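# What the coordinates show
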Amino acid sequence: MEPIVQYKDIHKSFGDTHVLKGIDLDISPSEKIAIIGPSGSGKTTIIRLLMTLEEPTKGDIYVAGKNLWKMEKGGKSVPAKEKHLAEVRKDIGMVFQHFNLFPHKTILDNCAMPLIKVKKMSKKEAQEQSKQMLDRVGLGDKYDAYPSNLSGGQKQRVAMARALVMKPKIMLFDEVTSALDPELVGEVLEVIRDLAENDEMAMVLVTHEMDFALEIADRVLFLDEGVIAESGSADEVINTSDNPRLQDFLRRFRD
Amino acid sequence: MFDTGLNILSYLSQGLGTTISIFLTATAISFVIAFVAGLSRLSGNILIRGFTAFYVEIFRGTSLIVQLFWLYYAVPMLFDINLGSNWWVGVIAVALNYGAYMSEVVRTSVVSVDKGQTEAGIALNLSRFQRMREIILPQALRLMLPEFGNYSIQILKGTALVSLIGLTDLLYYGDIYRSTNLSEGPLAYLMVLVMYFIIALPLIWLSKKGEKIAKKGVAS
Ligand SMILES: Nc1ncnc2c1ncn2[C@@H]1O[C@H](COP(=O)(O)OP(=O)(O)O)[C@@H](O)[C@H]1O
Ligand SMILES: [Mg+2]
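Our subject in this report is the structure included herewith. (Residues numbered from 1 in each chain as written. Chains lettered and ligands numbered in written order. Predicted model: local features only at pLDDT ≥ 70, side-chain atom pairs only at ≥ 80, totals over all residues. Heavy atoms only, no water.)

## Concerning helix 9 (residues 244-254) of chain A
Residue and element names in this part refer to chain A. For helix 9, the set of buried residues is Leu246, Phe249 and Leu250. Seen from one end, helix 9 has its buried residues packed into an arc of 95°, which puts them on one side. Facing away from the buried surface of helix 9 by more than 90 degrees, the exposed residues are Pro244 and Arg252. At its buried positions, helix 9 is contacted by strand 3 (32-36), helix 7 (210-216), strand 11 (219-224), strand 12 (227-232) and helix 8 (234-240). Structurally, the start of helix 9 carries an N-cap: the backbone nitrogen of Arg245 is 2.9 Å from a side-chain oxygen of Asn243. (Buried < 20%, exposed > 50% of the residue type's maximum accessible area, 1.4 Å probe, protein only. Helix = DSSP H or I, 4+ residues; strand = E, 2+ residues; numbered from the N terminus. Arc of directions from axis to C-beta. Contact = heavy atoms within 4.5 Å. Polar contact = N/O pair within 3.5 Å; in protein donor to acceptor, adjacent residues only side chain to side chain.)

The following block contains the structure:
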């Protein structure tokens, strides 16, 4: 099957810091990938590149066969314009560590506004679909609340509904539970589990919830110092790899 | 004494119309300038950015009274531009001056909105314009309100300078009154103060309200 996303020899530097050092990665439609690795290894950067929040220093990313950062113009390949980016971006969604809900809009408007503005949906249709999605993440009673009146777990579920209702083909999760109080983590993971089991969409999960990641992921990537050091099924990566840095990393989680 | 006070007030009120009309028009125009210049300074176009920075720094770096004289005496002679009546010259000078200051309020409020808000907007595929209109400005506006309230009071006070280019505002009538009733000078100026303060009262109230709204404003 054609991959939905391809990273080809992706490098990323911030100033003198060489963060990603040649990432090659194919993601199949509906594949669930977990990225694990030490803090600072470049996990967030990998998914921010796909969300167009950062631009690669070198290499190409393809989404559904289209080069993300370059477009054709008069038979030549030129840097992508905003319109091209928007075209490619509509297949990608992202959930952030710190939710990034719009504080001046109700929960319902947080979800409905992008549908109205980007998908040019009628207000009625947008609200209908948003309500369905909010119901699905268990917030059917909060349509008119503002983000500041929600718990962290509820905020993150709204953020997921807001991203999901745009119907991306691939969804990125950047440590979506690490800003939450421990007792609120479960309700968020529950939503992700539901998606992983019942949704066709591809998912890339950067997480420190090791057991959860191993449970739902089709493939686990261990990122270390800017390269994918290990890649395979959860079982392969956890039980059969003899990479000492991976062993070391896992040991710290078992304690 | 009380009668004299009332007398003076009614005499001064001849200048009320000029003071208030200049204040309201200059405030309205300076708000427009503040948004246009404030957002221009965040433009991707270096020419637009540079030109606005030039305007803002010139008008912040020199005093209103010099700008007033420039527009009234120098500009018409040097460039053969007619800015219209001295009422308009007063309005334009005050608006350009405070517009420059207030554009900085707009700019700093916009950039102080959390970066995560822009990123969420990009992730939802909103255009640059839609992000500004739907996400950034509504939040930045809440931050601007208290400052705008303060500046509107400053603008009111700033309008007193237009008496120097021959406009018959509150202060002008205060001066005239004093020069014809020398012994009542202090009382005349006290009444001028009272008048300005009364006009400022609703502005003070508005900026207090603005502060409250701002406090409720942002942060998810
Ligand atoms: N915008 C940035 N500017 C400078 N350095 C950055 C920026 N973003 C990330 N980095 C650096 O890149 C490295 C990898 O960051 P990140 O992708 O966030 O790692 P992880 O998510 O695995 O913890 C870190 O050393 C971080 O300091
Ligand atoms: Mg990270």
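From this point on, the discussion continues.
## Some points on the site of ligand 1
Residues and elements named next belong to chain A. Near ligand 1, the surroundings consist of Phe14, Val19, Pro38, Ser39, Gly40, Ser41, Gly42, Lys43, Thr44 and Thr45. In this structure, Ser41 approaches ligand 1 through a main-chain N or O atom, which is 3.3 Å from an oxygen atom. Between ligand 1 and the protein, one listed contact pairs an oxygen atom with a side-chain N or O atom of Lys43 at 2.9 Å. Surface burial for ligand 1 is 59%, taken as the share of its 560 Å² of free accessible area covered by protein chains. When residues in the shell around ligand 1 are grouped by element, the largest group, three residues, is from helix 1 (residues 43-50). For the shell around ligand 1, the class distribution of residues is three nonpolar, six polar and one charged. (Near = heavy atom within 4 Å. Areas by Shrake-Rupley, 256 points an atom, 1.4 Å probe, with all protein chains shown as cover. Nonpolar A, V, L, I, M, F, W, Y, C, P; charged D, E, K, R; others polar.)

## Structural notes on the environment of Asn82 of chain B
Its location among the elements puts Asn82 of chain B in the loop between helix 4 (64-79) and helix 5 (86-112). Considering only alpha carbons, one finds Asn82 of chain B and Leu71 of chain B, 11 residues apart in sequence, at a separation of 9.6 Å.

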